[in-house]
Every structure is written in structure tokens, then in C-alpha cells.
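# Structure at a glance
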Amino acid sequence: MARPQNDLPRDGDRDVVRLAGERLAFTFDAAAAKRAVDFFPTHLRFFKGPRELVGKPFHLAPWERRVVWNIFGWKRPDGTRRYRSAFVGIPRKNGKSHLGAGFALLLLTADGEPGAEIYGAACDREQAKLIWDIAKQFVLRDPDLRARLDVLDSSKRIVFRDPITYGPGFYEAIPADAAGALGFNASAVIVDELLTQRDRKLVDALTTSVGARDQPLTVYFTTAGFDEETICGEEWDRARQIIGGKIVDPYHYCVIFSADEKDDPFSEETWKKANPAWSYMAPLRRTIKDEARKAQTIPAFLNPYKMYHLNVWTKQSIRWMPMADWDRCGGLMPDDLTERDCWLGVSIWDAAKMAAAVLVFAPKEQDDAGTYDVLATYWMPRYSIDQDDKMRDTYLSWEAESYLRVHEGSALDVGALRADVLAMLSKYQVRGMVGDRSAMFYLEQEVAEAGVPVDRMNHSTADMSAPTKDLLRLVMLERLRHAGNPILRWNADNVTVLADTSGEIRPSRTKSAKSIEGICALVMGIWKAIPDRQASADHGVVFIA
């Protein structure tokens, strides 16, 4: 774990730095540091979190005290703050949002900045509200702050009324789409979850607006991510190099709490090392232990677990399906399928390659476990089979066993595929069809004319994350029955998922080793078979945030 610079300095301590031939001297002011530290328990009270803390003064934890002590205590010869920016890399659920809200109110009301403008920067409006809402609750619970501050919910602004001494100031939460706004004159910027910033526009617009301020401050709070070619990756690397002594920047305070690559990700020592709140936050300990258990058994959870709980950078792509669990979901297909409601998912990514349709049958009314049965049908052009030396014999065996329907030529026979789908609609109680763009192009009109509602699903995280997680959980609970279809198993074993910074996932056709069309079609069918999260919760399925 990287250690913070100048840990616990004392009054009168000096730090001399040589930069570009210039000698820079800084002095520690313990009284200034103490005023900043004391602001938190004097004015702020916990209103959520561990039950034993609710209603209690916000006494800074040791790691939080070190950050505040250093940032507000070190001074330049002219008496202004040494540090003009700070980087705090820390796993989730260690209290950084409460610390960020405290920073904002401290800088607004107790920093002596005339007409202070504090901005809370986030990726979108919902994220921007998180720290602001915490600051709002702090204000409402403290008589002194409440007497001096106006909370404006409509504009997400907290206004400091001090027209005589310094003039009015404010703290405002703004999303990334405000980057083009004019008139910023920031005295401080609090960036919540830097890894969610899609580009530098908002942060640069704010940090370049501080030129008229005597001691501006930008504080970055973030966890690790997966794309190092982002502003978060750049700032993380910069902080790591400053901490390691590879580059010198005496004005940028950095601390990173994380596991190292060589550490055992499932040991308690590693959890303590990466999470400074481990010793005093019981909910954090329970969460990490639960997530570690899932990450040990489900490959798709390993990278998010490392990012969010160990603060380790990972790759975006993740191996997904635990095949031992998939194989336990074989079972014989029941003989009442024609009597049960079902939904059809159709995936046709490339008409020159494999296409798939999967029927997802609702659980029987008397089935308390809530088991979903699935039937998969596949099509493929002969030319693609002949061109694949490694898989040719396997494809031919699937054809011989009637798992794969082969169309002569170099592309799918759309007429034959359409006839097969219409035959499914005639045989089974299909309540709706979901397809990707190609499936809609080939099938939408005919399916709609047959009286079956049709929906399109984009191959995006927004559309696919929830049903992809549904599918994984059904498999883990053995509440999906696929009758051992070998092509569907092959698809499941091929799947690599992409995860975004919010932990949402989707199957990736480009990252997966081979075809995953059956899984894409199955996810589409599940999207309709489980029309809302409550329906699946009724069958004991737990959804993962």
C-alpha cells in the first residue's frame, strides 16, 4: 500500500524541495491543520452508515485525519496552502463520500475565501448528487451551518450568506455535460469517482478557472478502474509516480490505498491493507467477505471485486460462466413445453456465420423453485463450416445430431430461417420475440403478422446487463434447464463479458473467443421471461448491483 506524503507532520516542521534548480521551502502550521480537523466533529454528524455512528459527531478516522492534516497544515512562505491539488485513491465503502462532503463545507464556510465557489464534479447528475446530498444532510443537522447556509434543492446549490466579510459563496454539484458552461471561477473542486469521467472536459474546465484564487484546491477521490487511457488512469499514474519518487510535484498531495499484484486477493491481511476503514466498519468487513466468496467461485465477479474492494486496476474483459455450474443445469427437458408460456430470443450478428434462436419457458405454476427451461436452435451456412479447419468436424457432428441446421452457400438462407421461426410460433405459446438489429430486419414483419409482439434489444450494457446477471444467477441456483445442448454449452464457455465502471456487464462478441450467439439470444429471451426484478425475486433470484 502506498503511504501518504509527509505523514503526521508537527508544528514548525519544514520540507525543502528542489525543483528545476529552485529551492522551495514549506513550513507546517499545526494550528491551521487542527482547525480543519476540528471542523468535522464540531459541525458534522453522521446520519447514515453503521448504526453505532448515526447521530454521532464526525470524528475523522486515522486515514482521513492524515489527509486533512497534511492538506490544510502545510504552508508556503506567503502563508497560503502548499497543496493546490490532492489525489485520494481508495476502495469503495471506506467513507470517501462523507469526507468529500466535509471538504466542500469546510472550504465553503471556514477557509476564508472571498466569494468561494466550490464545485462537486461527477459524470452525470445522479452521481453529482451523491456527495451534495450528504453535504445537505450535514447542513440540516447543524444549527450553526443551518443559520449561515441556504440549501437550494432545485439547483443543487448550497449558498453561504456572508455579504459583509467575504461576500456570498456557494457549493454546487455539476455533471459532465456542464463542461461547456461559462463563468466558472472555482476556488475548489471536489471530483467524486474520477474513474467515471469519460474525458477531461469538465475537470479541465473547472481546474483552469482558478487563476484568480490565492489558494485553490482540487481534490480527486476515486477507486481503480480498467481503462488506463482515461483521465483517471493518467492521474492515478501521476500519483503513483509522485509517491514512488519518480517525479517531483511539491504541490500535489497523493495517497493510494490498495493491494499489490503479489498480494493474495482473498486474505484478510490484503483486505486490511487496501481498506483503511477495515478495523472500525463492520458493514465494510461483511461486504468484502461476501464479495470475496463470490469472486472465488464466479469468474465474472473477480475483476469488479479487485477494482472496487482492493483498488487494483484490471482489464475490462472478464471470463464469465462457471462451467461446472452450467453442466449441473443439464437435466431432461419436460414434456409439457407446448402448454407453457415462453419468449423467443433471436441473435443474428452476421448472416455469414452462426445464428441462434432460444425459447425461454416460464416456470410451471406448481414449480416452487422457479425453473426456466430453454430450447436452442442454430443455423449456419455451409461455406463458413468448410472454412473453419479447427471446428469443421465439430460443426458436422452437431449437424448430424440435429443441433445445427446448415444452409448451403455462403450466407444464411433467410427464407428457411424465417420458416423455422414461424414454425416455433405455431408450435409453442410464444408471448413475445426479442431480437437484435439483424433479427429485426429479417423477422420483424412476419413475426408481428403472426400476432406475436416484437422488441429490439441493443447490444449495449444498458439493455443487456440486468438479464445477463439474471442468467448467471439462475445458473448458479440451478434454476435453468438447458438439456445439455452442446452448442449452447460451447457458447456459454466462449463468453467474455465487458464491465463498465458501475459494475454493469454485457456479453462481448468481439472479446469472446468464438461464437456466443446462443447466449445472446438466451439473454434476450430472459429479458422478457423475467419482465421485472420483483418477478425473479419471487423465485429466489438475488440480483447483483
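Structure first, text after, so check above.
Residues numbered from 1 in each chain as written. Predicted model: local features only at pLDDT ≥ 70, side-chain atom pairs only at ≥ 80, totals over all residues. Heavy atoms only, no water.

### Structural notes on the sheet that holds strand β3 (residues 74-75)
Taken in spatial order, the three strands of this open sheet run β1-β2-β3, and their pairing is antiparallel. Unpaired on one side and paired on the other, β1 (14-19) and β3 mark the two borders of the sheet. Both β1 and strand β2 (residues 22-28) contribute to a ladder of six bridges, which runs antiparallel. Along β2, the bridge assignment pairs L19 with E22. (Pairing = 2+ DSSP bridges. Helix = DSSP H or I, 4+ residues; strand = E, 2+ residues; numbered from the N terminus.)

### Quick word on the layout of surface pockets
Its volume calculated, the largest pocket comes out at about 1,400 Å³. In terms of lining, the largest pocket is formed by 50 residues, of which the most central are R92, K93, N94, K96 and S97. At the level of secondary structure, the elements contributing two or more residues to the lining of the largest pocket comprise α3 (96-109), α4 (125-140), α9 (282-297), α10 (302-310) and α16 (461-476). Counted by class, the lining of the largest pocket contains 23 nonpolar, 14 polar and 13 charged residues. (1 Å grid on protein atoms, 1.4 Å probe; cavity = no way out; pocket = protein on both sides within 12 Å on 5 of 7 lines; lining within 4 Å. Points joined across faces, edges and corners; volume = space filled by probe spheres on them. Nonpolar A, V, L, I, M, F, W, Y, C, P; charged D, E, K, R; others polar.)

### Things to note about α4
An α-helical turn contains 3.6 residues, so a residue and the one three or four places further along point in the same direction. Counted at 1.5 Å a residue, the expected span for α4 with its 16 residues is 22 Å, and the 22 Å between its end C-alpha atoms agrees. Along α4, the largest kink reaches about 30° and is centred on I131. Within the sequence span of α4, burial applies to Q127, A128, I131, W132, I134, A135, K136, F138 and V139. (Expected span 1.5 Å × (residues − 1). Bend = angle between axes of the 7 residues up to and from the residue. Buried < 20%, exposed > 50% of the residue type's maximum accessible area, 1.4 Å probe, protein only.)

### Let's talk about the pattern of salt bridges
Applying the stated rule across the entire model yields 42 salt bridges. For R481, the salt bridge is made with D373, and the minimal N-O distance between the two is 2.5 Å. A residue pair is termed long-range when its members are at least 10 positions apart, and R481 in strand β19 (residues 480-481) and D373 in strand β15 (residues 372-381) qualify at 108 residues. The exposure class of D373 is buried, given its relative accessible area of 0%. For R405, the salt bridge identified is with D420, shortest N-O distance 3.2 Å. Taken together, the positions of R405 in strand β16 (residues 404-407) and D420 in helix α14 (residues 414-427) put the pair 15 residues apart, joining distant regions of the chain. Here the residues in one salt-bridge network are R200, D204, E234, E235, R238 and D249, joined through shared partners. (Salt bridge = Lys/Arg side-chain N within 4 Å of Asp/Glu carboxyl O.)

### With respect to the sheet that holds strand β5 (residues 117-121)
Across the sheet, eight strands lie side by side as β6-β7-β8-β5-β9-β10-β4-β11; this open sheet has mixed pairing. In this open sheet, the two edge strands, each paired with only one partner strand, are β6 (149-152) and β11 (252-256). Adjacent strand axes in the sheet meet at a mean angle of 10°, parallel and antiparallel pairs treated alike. With five bridges connecting them, strand β9 (residues 188-192) and strand β10 (residues 217-222) associate as parallel partners. Counterpart to D192 in the pairing with β10 is F221. Contacts between helix α2 (residues 62-73) and the sheet are confined to β4 (85-89), β10 and β11, with β11 contributing the most and set at about 170° to the helix. Contacts between helix α7 (residues 231-243) and the sheet are confined to β4, β10 and β11, with β11 contributing the most and set at about 95° to the helix. (Axes fitted to C-alpha atoms, helices over the stretch in contact; angles between N-to-C directions. Contact = heavy atoms within 4.5 Å.)

### Considering the environment of D388
Within the element layout of this structure, D388 appears in the loop between α12 (382-387) and α13 (392-400). By relative accessible area, which is 17% here, D388 ends up buried. Taking C-alpha positions, D388 is 26 Å from D327, a pair spaced 61 residues apart along the chain. Setting aside residues up to four positions removed in sequence, D388 forms contacts with Y395 and K514. Engagement of the side chain of D388 in a polar contact is seen with the backbone nitrogen of M391, the distance being 3.2 Å. (Polar contact = N/O pair within 3.5 Å; in protein donor to acceptor, adjacent residues only side chain to side chain.)

### A few points about the nonpolar core
Grouped together as the largest cluster of nonpolar side chains are 65 residues, with contacts concentrated most on W320, W326, L404 and I519. Residue contributions to this core peak at eight residues, all from helix α18 (residues 517-529). Setting aside chain neighbours within four positions, we find W326 in contact with M321, V475, L480, H482, L488, R489, A492, I519 and L522. By size, the runner-up hydrophobic cluster in this structure holds 59 residues, among which are W63, L105, A116 and L217. (Core = buried A, V, L, I, M, F, W, Y, C linked by side-chain atoms within 4.5 Å.)

### Regarding empty space enclosed by the protein
One pass over the structure, following the stated rule, counts one cavity of 30 Å³ or more. Within this model, the largest cavity holds a volume of roughly 50 Å³. Forming the walls of the largest cavity are G120, A121, A122, Q127, A128, L130, I131, Y171, A173, I190 and D192. For the lining of the largest cavity, the secondary-structure elements that each account for two or more residues are β5, α4, β8 (169-174) and β9. Partitioning the lining of the largest cavity into residue classes produces eight nonpolar, two polar and one charged.

### Overview of the pairing of strand β7 (residues 157-160)
With four bridges joining them, β6 and β7 adopt antiparallel strand pairing. By the bridge assignment, L152 is partnered in β7 with R157. Hairpin connection from β6 to β7: four residues lie between these consecutive antiparallel strands, with K156 at a positive phi of about 50°. Note: β7 against β8, four bridges, orientation antiparallel. Bridging across to β8, V159 finds its partner in F170.

### A look at the packing of aromatic side chains
The description of an aromatic ring pair uses the distance of the two centres, along with the angle that the planes make with each other. Scanning all chains against the criterion turns up 23 aromatic pairs. Both rings, one in F58 and one in F138, keep their centres 6.1 Å apart while their planes meet at 40°; by these two values the pair is tilted. With F58 in the loop between α1 (30-43) and α2 and F138 in helix α4, this residue pair connects regions lying 80 residues apart in the sequence. On the accessibility criterion, F58 (1% relative accessible area) is buried. With centroids separated by 5.4 Å and ring planes inclined at 70°, the aromatic side chains of F441 and Y442 adopt a geometry described as edge-to-face. Site record: aromatic cluster; members linked through ring pairs are F39, F40, F46, F47, F58 and F138. Here R82 stacks its cationic end above the ring of F26, 4.2 Å away from the centre of that ring. Looking at R157, its charged tip hangs above the ring of F170, at a distance of 3.6 Å from the centre. (Phe/Tyr/Trp six-rings, centres within 6.5 Å; stacked < 30°, edge-to-face > 60°. Lys NZ or Arg CZ within 6 Å of the ring centre and 35° of its normal.)

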